[in-house]
Amino acid sequence: MSDFDRVRDYLTGLQDRICAAIEQADGDARFAEDLWQRAEGGGGRTRILRGGRVFEQAGVGFSDVSGTKLPPSATAARPELAGASWRAVGVSLVFHPNNPYLPTTHANVRHFHAVRDGQTVAWWFGGGFDLTPFYPFDEDVRHWHRTARELCEPFGGAERYAAHKRWCDEYFFLKHRNETRGVGGLFFDDLHGDFERDFAYQRAVGDGFLDAYLPLVERRRDTPYGERERQFQLYRRGRYVEFNLVLDRGTLFGLQSGGRTESILMSLPPLVRWEYGYVPEAGSDEARLAEYLVPRDWLGEAAV
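Criteria and thresholds
Residues numbered from 1 in each chain as written. Predicted model: local features only at pLDDT ≥ 70, side-chain atom pairs only at ≥ 80, totals over all residues. Heavy atoms only, no water. Pairing = 2+ DSSP bridges. Helix = DSSP H or I, 4+ residues; strand = E, 2+ residues; numbered from the N terminus. Axes fitted to C-alpha atoms, helices over the stretch in contact; angles between N-to-C directions. Contact = heavy atoms within 4.5 Å. 1 Å grid on protein atoms, 1.4 Å probe; cavity = no way out; pocket = protein on both sides within 12 Å on 5 of 7 lines; lining within 4 Å. Points joined across faces, edges and corners; volume = space filled by probe spheres on them. Nonpolar A, V, L, I, M, F, W, Y, C, P; charged D, E, K, R; others polar. Parallel < 35°, antiparallel > 145°, perpendicular 65-115°, else oblique. Left-handed = near helix turned anticlockwise from the far one by under 90°. Patch = residues over 30% accessible without salt bridge, like charges linked within 9 Å, V, L, I, M, F, W, Y side chains within 5 Å. Areas by Shrake-Rupley, 256 points an atom, 1.4 Å probe, with all protein chains shown as cover. Salt bridge = Lys/Arg side-chain N within 4 Å of Asp/Glu carboxyl O. Buried < 20%, exposed > 50% of the residue type's maximum accessible area, 1.4 Å probe, protein only. Disulfide = S-S within 2.5 Å. Polar contact = N/O pair within 3.5 Å; in protein donor to acceptor, adjacent residues only side chain to side chain.

Enquirer: Quick question: what am I supposed to make of the pairing of strand 5 (residues 104-116) here?
Expert: One face of the sheet, then the other: side chains in a regular strand alternate in exactly this way. Taken together, the eleven bridges between strand 4 (residues 85-97) and strand 5 define a ladder with antiparallel strand orientation. When the sheet's bridge partners are listed, Ser85 is paired in strand 5 with Val115. Count of turn residues in the strand 4/strand 5 antiparallel hairpin: six residues. Pairing geometry for strand 5 and strand 6 (residues 119-132), over 13 bridges, is antiparallel. Directly across from Phe112, in strand 6, lies its bridge partner Trp124. Following strand 5, the chain reverses through two residues before pairing antiparallel with strand 6; Asp117 in that reversal takes a positive phi of roughly 55°.

Structure representation (structure tokens):
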């Protein structure tokens, strides 16, 4: 079995395991699967859960796509890819819960391989996971980051965690709003030092996602809320849409490379609202969110 196929098999299994865990956590709805093929090469399976007890919408997509020409946005940054054939495989997920006290979350793990004249010209791993609360709890954020730090231990420990946490804070930043998308987590790209070690790290990130998120589901799924909290959740989902459509490189690459639009945009929430000039009431729980939308050391001695 080729190295690429090993990665592919891991990722299809990861999609299966995450979907099974989320169906169990929801306890009501089930994922519907949409199998698709891409004319330029490859395909995937997109799974969507809607109208659940816990999740308003949860999407977990697997794709294995290939082509002979990369979009200009890719070759401008990596000129060695010009004229190369390529193949990319990955799992990406976004969960939008019903309860405003349960955060939205995103995770992605992916592998890219490019060949010219029968020779590999580039390969890398990328991925990570991040958390977007609307009514944040310190204990939840610390658990999220402790899980991230612990999975980094075999791969450089504190140095790996610090580097990929910082990368996450910098990547998921809305410059036009001067705020982070949430409280961060891990983000990495272009990881290509040692294949076995890098693949092991990708697996640690993929497997660690459920360890990070499911405890938050158990804590917050039944927290009472009203129309005020719901409207604030819908308003803040607007920031999620802004990032994904304006800034996210994965969305841009998918659309420019002829990807399947429905699968690429499954990350968008089913309901969202914008409000001109909204300013939360001073001292309110809604105003408190701003304190969390800046890069912070969540695991300093005072927090542990």
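There's more to say after this.
Enquirer: Would you explain the sheet that holds strand 3 (residues 55-67) in this entry?
Expert: By way of backbone hydrogen bonds, the strands of a sheet pair with one another, either parallel or antiparallel. If you trace the seven strands from one edge of the open sheet to the other, you get 1-2-3-4-5-6-9, paired in antiparallel fashion. In this open sheet, the two strands that pair with only one neighbour each are strand 1 (32-37) and strand 9 (184-191). Adjacent strand axes in the sheet meet at a mean angle of 5° when their direction is disregarded. Lying on the sheet, helix 4 (residues 157-171) is in contact with strand 6 and strand 9; it crosses strand 9 at an angle near 100°. In the packing of helix 5 (residues 195-220) onto the sheet, contacts are made with strand 3, strand 4, strand 5, strand 6 and strand 9, and the angle to strand 6 comes to roughly 15°.

Enquirer: I'm lost on empty space enclosed by the protein in this one. Help?
Expert: This model, assessed by the stated rule, comprises four cavities of 30 Å³ or more. The calculated volume of the largest cavity comes to roughly 60 Å³. Contributing to the lining of the largest cavity are Leu14, Ile18, Val91, Leu93, Ala107, Asn108, Val109, Gly128, Phe129, Val205, Gly206 and Phe209. Along the lines of polarity and charge, the residues of the lining of the largest cavity split into nine nonpolar, three polar and no charged.

Enquirer: Which parts of the structure should I look at to understand the packing of helix 3 (residues 138-152) against helix 4?
Expert: When two helices pack together, their arrangement is given by the angle between their axes and by how far apart the axes lie. In the contact formed by helix 3 and helix 4, the axes pass within 8 Å of each other and the chain directions differ by 130°. The angle between helix 3 and helix 4 falls in the class oblique. Note on packing geometry: the crossing formed by helix 3 with helix 4 is right-handed. Residue-level contacts link His145, Ala148, Arg149 and Cys152 of helix 3 to Gly157, Arg160, Tyr161 and Lys165 of helix 4.

Enquirer: Looking at this structure, how should I read the layout of surface pockets?
Expert: Gaps between atoms show up when a probe of the same size as a water molecule is rolled over them. Size it by volume and the largest pocket reaches roughly 1400 Å³. Along the walls of the largest pocket sit 49 residues, with Arg110, Arg249, Gly250, Thr251 and Phe253 positioned nearest its centre. Those elements that provide at least two residues to the lining of the largest pocket are strand 3, helix 2 (72-77), strand 4, strand 5, strand 6, strand 9, helix 7 (249-256) and helix 8 (261-264). The element contributing the most residues to the lining of the largest pocket is strand 4, with eight residues.

Enquirer: I'm lost on a nonpolar patch on the surface in this one. Help?
Expert: On the surface, a cluster of nonpolar side chains totalling about 260 Å² of accessible area is made up of Leu245, Val246 and Leu247. Within the secondary structure layout, Leu247 lies in the loop between helix 6 (227-246) and helix 7.

Enquirer: It is not clear to me how the pairing of strand 3 should be interpreted in this structure. Could you clarify?
Expert: Within strand 3, eleven of the 13 residues are buried, leaving the element largely enclosed by the surrounding structure. Here strand 2 (residues 42-50) pairs with strand 3 via nine bridges, running antiparallel. Bridge pairing in strand 3 places Gly44 opposite Ser63. When strand 3 meets strand 4, the two strands line up antiparallel, connected through twelve bridges. Paired with Gly67 across the strands is Trp86, a residue of strand 4.

Enquirer: Sorry if this is basic, but what is going on with the state of the cysteines here?
Expert: A covalent bond bridging the sulfur atoms of two cysteines is what the word disulfide describes. Under the definition given, this model contains zero disulfides. Of all cysteine sulfurs, the one in Cys168 lies closest to Cys152, which takes part in no disulfide; the gap is 11 Å. Residue classification places Cys152 among the buried residues on the basis of a relative accessible area of 0%.

Enquirer: How should the environment of Glu56 be read in this particular structure?
Expert: As for its position among the elements, Glu56 is in strand 3. When the C-alpha positions of Glu56 and Arg236 are compared, they lie 15 Å apart, and in sequence the two are 180 residues distant. Dropping the residues within four chain positions of it, Glu56 is found in contact with Leu49, Arg50, Gly51, His96, Pro97, Asn98, Arg230, Arg237, Pro270 and Leu271. Separated by 3.0 Å, the side chains of Glu56 and Arg230 make a polar contact. A polar side-chain atom of Glu56 sits 2.8 Å from a polar atom in the side chain of Arg237.

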